[in-house]
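Observations on chain architecture
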Amino acid sequence: MPPKKRSSRRGGKQSDDESLDDSLEEETEQAMEVENASTEEDIEGNRPTEDLGKSVSDAKSPENPPVEDKIDNSEPDQENQEPTDPENTEDEPPAKKSKIAEEALKKIEAEKQRKEKEKQDAEEKSKIDRKKELDKFWKTVKDDPTDFTGWTQLLQFVDGKNELEAGREAFNAFLNRYPYCYGYWKKFADFEKRNGTPERVLEVFDQGTAAIPLSADLWIHYMNHCKTARKDEAAFIRSQYERAMSECGREWRSDKLWDHYVKWEMEGKNYPEVYQLYQRIVRNPTQALSRNFEAFKGFLKEHNPKDLMDTVDFLELRKDVIIGMKSDSPKDDDAKGNKDTDAAPGEDTETEMKSAEETQSIREKIMFNAKKSYKEAEERVNLRLKYEDGIKRPYFHVKPLERGQLKNWNEYLEFMKKEMEKEGGDITEVEILYERSLIACALYEEFWMNYISWWESRDGNNTEKIRNIYRRACTNHLPTKVDVHAGWAAFEEIQGDFDAASKILENLETSHPELISLLLKRTNLERRRGNDEKVGELYEAAMKAASNKSTASDLAIKYARYLRLHQMNTVKASQVINTAMESDPANPKLYLQQVDLLLNTMPIDVQEVVAVLEKAMKQEMPEKQKFLFSQRKVEFLEDFGSDIAALQTARTKHIEATNAFKETVAKEKSNEPDKTNSVDDGKENKNGNSNGSAASYPPVTNSSSYTAQQTQAYNNYGSRYANYPQNYGQYYGGGGGGGGGGGGSGY
C-alpha cells in the first residue's frame, strides 16, 4: 500500500496543537500500514508448502496459461509497490510493529484527554471567578441591605451573565425589598424570557402587577408580551387588558394604558369595542381627560354610529333623534312626511337610515351625552389639579422626599377624604390615592400607619385588608421600623392569633437586639396569653444578654415583680434579686426591691429588712443614697422594731450619715459655684450607675431617677400597704422609695 500523500498547508502560522495532532496522525497511519503489511507476510509465511506448489501448478495449467514474465524496470507498478524500510519493516517482528501502533493510539487518546481537561479547567476557573465576583456584589448588599446602588450593581452583573439560578436569586431578593421598582420587574421578566420558560415569564409578570398594580408602564410591558406570545388569542388579550384596567385604569397617569388598549382594538378594526372604551374613558378623571375627549370626537366623525353601537341601543337613540327632529320641523313638512316619520323605528329604508342629516343628529346626540359625563369628570379633575401639580416624584426612590412633597401628599389625602365623604363621593378614589402615596412615600412609616387608621375607621370587616397592609409594610418596605411592627403584633393579638403576634416581635428583635422595650412587649404578650413558662424564659434570657449591669438589674426587678404579683412566688422573686445584687451590688434599686418583697411577706421579718438596709449602706454608693437608706432604717424600726436600743443606735448612725451627706453637698457647691442643686443633676456615680436611674434603659418607666424629689417620695412610702398599721403609711410610699421597689404598678 503506497504511503498516504499529505497536502502542504498554506496560510497563517500553524498552532502547536495542530502540528502535534498531524504528526501523531501520520505516525499512527504509518504504524497501521506497517502492521497491515506484517500481517499479510504472516499469512503468506504460514501457508502450507503443498498449497503453494499447487497454486504454482494451477497457474501453469492449460486453463490458466502463464503470462510472460516481461518486466519493465523503468516503469515500476505504482499500485503494488509497497514502501520498504530495510531497517524498520523487513527486520522488525510483527509484534513490535503492533506495539508501535498501540503507543500511537495511546498518545492520541492522552492528547484528547489533556485538551478536554484543559477545557474543563478553564471552565471551572471561569466559574470560580464569576462566583467570586458575584459573592463580592452579594456581600455589599448583605452588609447593608439599604445600599440601593449595591443592589443595582448586583442585578446588572447577573443580568449580563444570564445565569438562571443566580439571576433569579438576585432579582427575587431585590424585589422582595423594593417591590415598587417597576423597571426591575420588567428587567426580571426579560431575563426570564432569555433564560427561563414561558410559564415562568408569566409568573414574574403576575408577581410584579400584584406588587405594584398602579404601574401603567408595567402593565403595558405585560400586554406587549401577551400580544407577542399569544397574538392569535384575541379573547385572552382582551381579558388581560380588562384586568389591567380594573387594577390601574383609574390611576391619574393611566391615559397611556387606555391609549394602548384603544390602539390594539383599532388595529383589529374592532370599532364597537373602541366606541365602548371611549365611553368609559371620558368618565374617568385622569391627567389627559380633555385630550381623550377630543380623540373620541375625532373617532366618532370617522365612523357611522350604526356600526359602533349595539342594535338595540342604536334604535333607541335613533328613535329619540327622530322625535327631536320631528318636533323641530314645520307642521306642513310634518304632515307631508307623516307617513315616513310615523313608521316604526328600524322599518325605514336603507337610504333614509343613512341620511347625512340623521347620522349627524345621532352623532350630536352621542356627543351631547358624552359631554355631560366629560364635564362631571372635568370638575373632579379641576378639584385635584392643584395637588397633582404639586407631585414632582410619583414613582418610588430610596432618596428622601422633600418636606414640601410630604406635606402635599398629606394635604391631598385629607382633602380627598373630606370630598369623598360628601354625598355622591366615591370612597374608592381615596383608596387609590393612598396606594399612590405609598409608592412615592414607601419608606415613610407615617403614611402606612395613616392608611391603616383610615381602613380601621371604615365600616365593615376590613381585617384582611388591614393585615395585607401591615404585611406589605413590615415584610417589604419597613422591615426594621418598630412602631408599625408593634401595631401589627397588637392587631394580630386582637384577632386572637398570639403565635403570629409573637413571631412578629421576635423577628423585629433580630434587627434591634438592644431594644429592651421590644423584649418587654413580647414578654407581656406571653403573660397575657398565660404562658408563664415562656415569660420566665424570656426574662432570664434577657438578663443574661443585657449589655450592662444596670439594664440587667432593671430586668431583674421587673421579673421579681412578675413572680410575686402574678405567680405569688416570693421565694423565687427574692432569689432573682439576690442574684442581681451579686452582679450589681451598688445598685440602690435592687435593695429597695428586696425590702419591698420582705414587707409583702407575712409575717414581716424585721431583722431581715434591717439587714438588707445595712447591707445597702455598706456599698460603694453616693453619700446621698446612704443617707436615704439610713433614714428608711430609722423609720422602719420606729414602726416595726421591738428593740429600743437598736432604734437608738440607728438614730445615732443616721446623724452621722446626715452630716456626711451635708458635707458632700457643701463641697460640691463650693466646687461648682455657678451651679445649683448639683447633687440632683442625675450624674452617674463612680460605679457607672446614675443615682437610681437607668439612662440606657428608658422603657422601664417604673424605675425613676433618684433626685432631690426623693425626700418627698419617701414621706409617702407605704400608701399601697393598706393592710399595715395606720401609722405605717405616714412613712413608707407605695413605690418602695420611688426607685422601682414598688410592687407591680407596671402590670
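Residues numbered from 1 in each chain as written. Predicted model: local features only at pLDDT ≥ 70, side-chain atom pairs only at ≥ 80, totals over all residues. Heavy atoms only, no water.

Here's the deal with the overall build of the chain
Along the chain, the regular secondary structure elements total 33 helices and 0 strands. Across the 747 residues of the chain, 40% fall into the buried class. Summarising the internal contacts of the chain: among those between residues at least 6 apart in sequence, 59% fall at separations of at least 24. Split by element, the accessible area of the chain, about 42,600 Å² in all, is 49% carbon and sulfur. (Helix = DSSP H or I, 4+ residues; strand = E, 2+ residues; numbered from the N terminus. Buried < 20%, exposed > 50% of the residue type's maximum accessible area, 1.4 Å probe, protein only. Contact = heavy atoms within 4.5 Å. Areas by Shrake-Rupley, 256 points an atom, 1.4 Å probe, with all protein chains shown as cover.)

Quick word on empty space enclosed by the protein
Per the stated rule, a full pass over the model turns up 2 cavities of 30 Å³ or more. Looking at the largest cavity, its volume works out to about 60 Å³. What lines the largest cavity is simply R380, L383, R384, F415, M416, E419, M420 and E429. Counting only elements with at least two residues in the lining of the largest cavity, the list comes to α18 (356-389) and α19 (403-420). Of the residues forming the lining of the largest cavity, the biggest block, 4 residues, is contributed by α19. Across the lining of the largest cavity, the residue classes break down as 4 nonpolar, no polar and 4 charged. (1 Å grid on protein atoms, 1.4 Å probe; cavity = no way out; pocket = protein on both sides within 12 Å on 5 of 7 lines; lining within 4 Å. Points joined across faces, edges and corners; volume = space filled by probe spheres on them. Nonpolar A, V, L, I, M, F, W, Y, C, P; charged D, E, K, R; others polar.)

Observations concerning helix α23 (residues 482-494)
Taking 1.5 Å of rise per residue, the 13 residues of α23 would be expected to cover 18 Å, and the 18 Å separating its terminal C-alpha atoms lies within 8% of that figure. Within α23, the full set of buried residues consists of V484, H485, A486, G487, W488, A489, F491, E492 and E493. Close packing links the buried residues of α23 with α21 (445-457), α22 (463-477), α24 (498-511) and α25 (516-528). Of the residues one or two after α23, G496 is the one with positive phi, at around 90°. (Expected span 1.5 Å × (residues − 1).)

Some thoughts on the nonpolar core
Most often, soluble globular proteins keep nonpolar side chains buried together rather than apart. Formed by 109 residues in total, the largest nonpolar core has its most connected members in L154, F174, Y180, L257, Y275, F296 and I366. Sorting elements by how many residues they give to this core places α18 first, with 8 residues. Those residues in contact with Y180, other than ones at most four positions away along the chain, are A211, I212, F396, E435, L438, I439, A442, W448, R472 and H477. Counting 40 residues, the second largest nonpolar core, distinct from the first, contains A542, L590, L598 and L647. (Core = buried A, V, L, I, M, F, W, Y, C linked by side-chain atoms within 4.5 Å.)

Here we look at the packing of α21 against α22
Direction vectors running N to C along α21 and α22 enclose 170°, while the axes themselves pass 9 Å from each other. The angle between the axes of α21 and α22 places the two elements in the roughly antiparallel class. Across from W448, Y451, I452, W455 and E456 in α21, the residues of α22 making contact are K465, I466, I469, Y470, R472, A473 and H477. (Axes fitted to C-alpha atoms, helices over the stretch in contact; angles between N-to-C directions. Parallel < 35°, antiparallel > 145°, perpendicular 65-115°, else oblique.)

Some remarks on unusual backbone geometry
The bulk of non-glycine residues show a negative phi, and the bulk of peptide bonds are trans. Look at the link from M602 to P603: it is a cis peptide, with omega at -10°. Mapped onto the secondary structure, P603 falls in the loop between α29 (588-599) and α30 (606-617). In this structure, N162 takes a positive phi of about 60° despite not being glycine. For N162, the location among the structural elements is in the loop between α4 (148-161) and α5 (164-177). Its relative accessible area of 33% is what places N162 among the partly exposed residues. One non-glycine residue, K269, lies in positive phi territory at about 55°. In this structure, K269 sits in the loop between α10 (255-267) and α11 (271-281).

Notes on the environment of N600
Relative to the assigned elements, N600 resides in the loop between α29 and α30. Sequence-wise, N600 and T570 are 30 residues apart; in three dimensions their C-alpha atoms are separated by 8.7 Å.

So, the packing of aromatic side chains
Taken as a whole and assessed by the stated rule, the structure comprises 32 aromatic pairs. Pairing Y178 with F396 gives two aromatic rings, centres 5.9 Å apart and planes at 40°, and the pair type is tilted. With Y178 in the loop between α5 and α6 (182-195) and F396 in the loop between α18 and α19, this residue pair connects regions lying 218 residues apart in the sequence. We classify Y178 as buried; its relative accessible area is 5%. Residue classification places F396 among the buried residues on the basis of a relative accessible area of 8%. Their ring planes at 35° and their centres at 5.1 Å tell us that Y387 and F415 sit as a pair that is tilted. Taken together, the positions of Y387 in helix α18 and F415 in helix α19 put the pair 28 residues apart, joining distant regions of the chain. When its relative accessible area of 11% is taken as the criterion, Y387 is described as buried. Among the aromatic residues, ring-to-ring pairing joins W138, F148, W151, F174, Y178, Y184 and F396 into one connected group. A cation sits over an aromatic face here: R458 above W455, 4.4 Å from the ring centre. (Phe/Tyr/Trp six-rings, centres within 6.5 Å; stacked < 30°, edge-to-face > 60°. Lys NZ or Arg CZ within 6 Å of the ring centre and 35° of its normal.)

Description of helix α7 (residues 198-211)
An α-helix turns once per 3.6 residues; consequently, residues spaced three or four apart project the same way. Compared with the 20 Å implied by 1.5 Å per residue over 14 residues, the 20 Å span of α7 between its first and last C-alpha is a close match. Of all the residues in α7, the buried ones are R200, V201, V204, F205, G208 and T209. Packing partners of the buried residues in α7 comprise α5, α6, α8 (216-229) and α9 (234-248).

Focus on the packing of helix α31 (residues 623-640) against helix α32 (residues 644-671)
One way to put it is that α31 packs onto α32 with a least axis distance of 9 Å and a crossing angle of 155°. With respect to α32, the axis of α31 lies roughly antiparallel. Handedness of the α31/α32 crossing: left-handed. On α32, the residues that touch E623, K624, F627, S630, Q631, K633, V634, L637 and E638 of α31 are A646, L647, A650, R651, K653, H654, A657, T658, A660, F661 and T664. Among the residues forming the contact of α31 with α32, the class breakdown is 9 nonpolar, 5 polar and 6 charged. (Left-handed = near helix turned anticlockwise from the far one by under 90°.)

Some remarks on the pattern of salt bridges
Charged atoms that come close allow side chains of opposite charge to pair. What the rule picks out here adds up to 44 salt bridges. Of the charged contacts in the structure, one is a salt bridge between E429 and R250, with a shortest N-O distance of 3.1 Å. In this pair, E429 sits in helix α20 (residues 427-440) while R250 sits in the loop between α9 and α10, placing the two residues 179 residues apart along the sequence. Between R522 and E509 there is a salt bridge, and its shortest N-O distance comes to 3.4 Å. You can see R522 sitting in helix α25 and its partner E509 sitting in helix α24, a full 13 residues away along the chain. (Salt bridge = Lys/Arg side-chain N within 4 Å of Asp/Glu carboxyl O.)

Focus on a negative patch on the surface
A grouping of D310, D313, E316 and D320 is seen on the molecular surface, where their side chains present a negatively charged patch. Inspection of the secondary structure assignment puts D313 in helix α14 (residues 311-328). Given a relative accessible area of 43%, D313 falls into the partly exposed group. (Patch = residues over 30% accessible without salt bridge, like charges linked within 9 Å, V, L, I, M, F, W, Y side chains within 5 Å. Lys, Arg positive; Asp, Glu negative; His and termini not counted. Charge placed at Lys NZ, Arg CZ, Asp CG, Glu CD.)

Taken by themselves, the reported measurements are silent on function.
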